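Fold and contact review
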Amino acid sequence: MKIVAESPYRFRIEPFGTMRVPGVVFASRALLPDPDHDKSLEQVIHVAALPGIVRASYAMPDVHWGYGFPIGGVAATDIDADGVISPGGVGFDISCGVRLLAAGLDRAELVPHLDGLMDALDRTIPRGMHGGGVWHVSGHRELEHVLRAGARYAVEVGHGVARDLERCEDGGAIAGADPDRVSARAVERGLGQVGSLGSGNHFLEVQVVAEIYDEAAARAFGLHPDQVCVMIHCGSRGLGHQVCSDHVRTMEAAMSRYGITVPDRQLACAPANSPEGRAYLGAMAAATNYARANRQLLTEATRHAFARHTTAELDLVYDISHNVAAIETHEVDGKRRRLCVHRKGATRALPPGDPELPPDLAPVGQPVLIPGTMGTASFVLAGVAGGGAFHSTCHGAGRVRSRHQALRSVSGRRLRDELEARGIAVRGTSWRGLAEEAPSAYKDVDAVVDTAEGAGLCRKVARLVPIGVVKG
DNA sequence: ATGTTC
């Protein structure tokens, strides 16, 4: 592998072997994955071999090893030139994402009530592997509405306010959902989990705005210094996982019929325009809408908990997905082309003026939400013109040590005590889960965000720090 | 990420 530094924040892997396009890694030298400990650059190279891929196989500064595709990867295929869709390029947690709520109160006003609020959240927010959701969906017919209309359906039946939808990507639901492509098993897994965090790196945090970098953008997003916020990070639970498993299996069987060979069987894929490709895209859209309804229901549960301890309103700042593929039109080699843009552990970051943005956000660009690691900072960013990788940026800190490695070196109890000693209230579910998500297992989110900004992928708007963690 | 191995 020949890797060339093109700028302090951009490295290029020249095409060789089966690569159809170069690899482009947006990273500082310090953040470049170490090939001895992380195979993600090998995965960037594998992705560059996908049929129909255009421009480059991209990696964001938080890139790390994942299923087939790296987490922190962006790859676009030309769907009118037999370009493929691959479930591995979206990930098992379809539409895993983040939403940020801004409270109408400042830190000092909340601190006397924080313990009570955290206890209320502890009781109200379902989480962990086996947890049921806050919403008891009445049955298959109602779940179908969730799959078709996501957060929009949740709000229609009273779980939220109309303004929430103006602050969701795609108005709270993406088009093209096909519930018939979601297996009975996926539906069964999904029925009882709407309104639950899940486990792993998912969390709900009470945060405070610690720093503003861009006052005009912060004002447009409704953020000011010392303000209390809530960040919710979760995905599509068992339903999304089952959708991914089902369609990976279908595509593994279909690939030879399309004459497709890939360097790693975890890159199983099919032309986006084939029956298998369209089936996955329809099921993926349904799972995406499920995740958006999930975050909407957790928003309502959070509002109820706040209402018992404060008089503050919670306004939705924005809701983003960081595991999804989208059909978008971009100019490639001087021609407008319809592309299937896979973003896995990467966030869409629309530039100022993009027609998809609500009018009041258009002057500043799309809000981008970056969850940090437990006990560290989280960030609000904004999209910028230029858009190095189909208008995408990073999604989080990025793991550098496996769960297993983290477990060996960190005690969950000690970590909880350290966080509490720093004034962060912790409501966990398991000591093991806490240890696996220790900040020492992740890259430095401040460095990741600075690198994304330095690479011209986004700009910083605000830095948030946690005062309470509800851990999945 | 995940009824943490159909």
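Residues numbered from 1 in each chain as written. Chains lettered and ligands numbered in written order. Predicted model: local features only at pLDDT ≥ 70, side-chain atom pairs only at ≥ 80, totals over all residues. Heavy atoms only, no water.

The full set close to DNA strand B counts 17 residues, and R189, S199, G200, N201 and R237 are the nearest of them. Each atom of DNA strand B within 4 Å of the protein belongs either to a base or to sugar and phosphate, the latter forming 49%. One of the side-chain nitrogen or oxygen atoms of R185 is found 3.3 Å away from a base nitrogen of DNA strand B. In this structure, a phosphate oxygen belonging to DNA strand B sits 3.2 Å away from a side-chain N or O atom of R403. The element contributing the most residues to the surface near DNA strand B is helix α8 (residues 237–254), with three residues. For the surface near DNA strand B, a count of residues per class yields two nonpolar, nine polar and six charged. (Near = heavy atom within 4 Å. Polar contact = N/O pair within 3.5 Å; in protein donor to acceptor, adjacent residues only side chain to side chain. Helix = DSSP H or I, 4+ residues; strand = E, 2+ residues; numbered from the N terminus. Nonpolar A, V, L, I, M, F, W, Y, C, P; charged D, E, K, R; others polar.)

Attention shifts here to the side chain of D214. On the secondary structure map, D214 appears in the loop between β8 (203–212) and α7 (215–221). Ignoring sequence-local partners within four residues, the contact set of D214 consists of R459, K460 and V461. (Contact = heavy atoms within 4.5 Å.)

A turn of α-helix holds 3.6 residues, and therefore any two residues three or four places apart point the same way. Among all positions in helix α13 (residues 445–454), only V445, V448, V449, T451 and A452 are buried. The arc enclosing the buried residues of α13, seen along the axis, measures out at 160 degrees, which places them on a common side. Looking at the buried side of α13, the elements it contacts are β4 (57–64), β15 (367–370), β16 (378–382), β17 (392–393) and β19 (459–471). Backbone nitrogen of D446 and a side-chain oxygen of the N-cap are separated by 2.9 Å at the start of α13; the cap is D444. In the stretch just after α13, G456 is the one whose phi turns positive, near 80 degrees. (Buried < 20%, exposed > 50% of the residue type's maximum accessible area, 1.4 Å probe, protein only. Arc of directions from axis to C-beta.)

Grouped together as the largest cluster of nonpolar side chains are 95 residues, with contacts concentrated most on Y58, M60, L143, V182, L239, V243 and M284. Among the elements that make up this core, the one with the highest residue count is helix α9 (residues 275–309) (10 residues). Discounting chain neighbours no more than four positions away, the residues touching V243 are I94, V182, A186, Y280, A283, M284 and A287. By size, the runner-up hydrophobic cluster in this structure holds 32 residues, among which are L121, V155, L165 and I467. (Core = buried A, V, L, I, M, F, W, Y, C linked by side-chain atoms within 4.5 Å.)

It is worth spelling out the pattern of salt bridges at this point. Two side chains that carry opposite charge are able to pair once their charged atoms sit near each other. In total, this model carries 31 salt bridges according to the counting rule given. In this structure, R343 and E328 form a salt bridge, with 2.9 Å as the shortest nitrogen-oxygen distance. Highlighted residues: R343 in strand β13 (residues 335–344) and E328 in strand β12 (residues 323–332), separated in sequence by 15 residues. For the residue pair R343 and E328, the accessibility class agrees, reading buried in each case. R399 is paired through a salt bridge with E437; the nearest N and O atoms lie 2.9 Å apart. Remark: E437 occurs in the loop between α12 (431–436) and α13 and R399 occurs in the loop between β17 and α10 (403–409); sequence separation between them is 38 residues. Taken together, the shared-partner salt bridges connect E169, D170, R292, R348 and E356 into one network. (Salt bridge = Lys/Arg side-chain N within 4 Å of Asp/Glu carboxyl O.)

Bringing the layout of surface pockets into the picture now. Over the atoms, a rolled probe matching the size of one water molecule traces out where space is still vacant. Here the largest pocket defines a volume of roughly 1500 Å³. Listed by contribution, the elements that provide at least two residues to the lining of the largest pocket are α8 and α10. When residues of the lining of the largest pocket are assigned to their parent elements, the largest contribution, three residues, is made by α8. In terms of residue class, the lining of the largest pocket is made up of 12 nonpolar, 25 polar and 12 charged. In this structure, the second largest pocket spans a volume of roughly 700 Å³. In terms of lining residues, the second largest pocket is bounded by 32 residues, among which D170, A325, A326, I327 and E328 are the most central. Looking at the lining of the second largest pocket, the elements that each hand over two or more residues are α9, β12 and β13. Ranked by residue count, the leading element in the lining of the second largest pocket is β12, at seven residues. Residues of the lining of the second largest pocket, tallied by class, amount to 15 nonpolar, seven polar and 10 charged. (1 Å grid on protein atoms, 1.4 Å probe; cavity = no way out; pocket = protein on both sides within 12 Å on 5 of 7 lines; lining within 4 Å. Points joined across faces, edges and corners; volume = space filled by probe spheres on them.)

For the rest of this paragraph, the subject is the environment of G172. Within the secondary structure, G172 is located in the loop between α5 (162–166) and α6 (184–191). Linking G172 and R152, residues 20 residues apart in sequence, is a C-alpha distance of 5.3 Å. The contact partners of G172, leaving out residues within four places of it in the chain, are A149, G150, A151, R152, L165, N289 and R292.

Now for the UniProt feature "binding site: Mn(2+) 1" (unreviewed entry) in chain A. As recorded in UniProt, the feature "binding site: Mn(2+) 1" (unreviewed entry) lies at D93 and H202. In summary, the annotated positions, though distributed over 110 residues, converge in three dimensions, the widest C-alpha pair being only 11.0 Å. Restricting the annotated residues to those that line the largest pocket leaves D93 and H202. With respect to the helices and strands, D93 occurs in the loop between β6 (84–85) and β7 (97–106). (UniProt positions renumbered as here; feature names shortened; annotations may be inferred.)

With that settled, consider the sheet that holds β12. Within the open sheet, the seven strands sit side by side as β1-β2-β3-β4-β5-β13-β12. Their pairing is mixed. Strands at the two margins of the open sheet, each flanked by one partner only, are β1 (3–7) and β12. Each strand axis lies, on average, 25 degrees off the axis of its neighbour in the sheet, ignoring direction. Of the pairings in the sheet, the one linking β1 to strand β2 (residues 10–13) comprises four bridges and is antiparallel in character. Bridging from a neighbouring strand, A5 pairs with F11 of β2. Across the sheet, helix α1 (residues 40–47) is in contact with β1, β2, β3 (23–25), β4 and β5 (71–78); its angle to β4 comes to roughly 160 degrees. (Pairing = 2+ DSSP bridges. Axes fitted to C-alpha atoms, helices over the stretch in contact; angles between N-to-C directions.)

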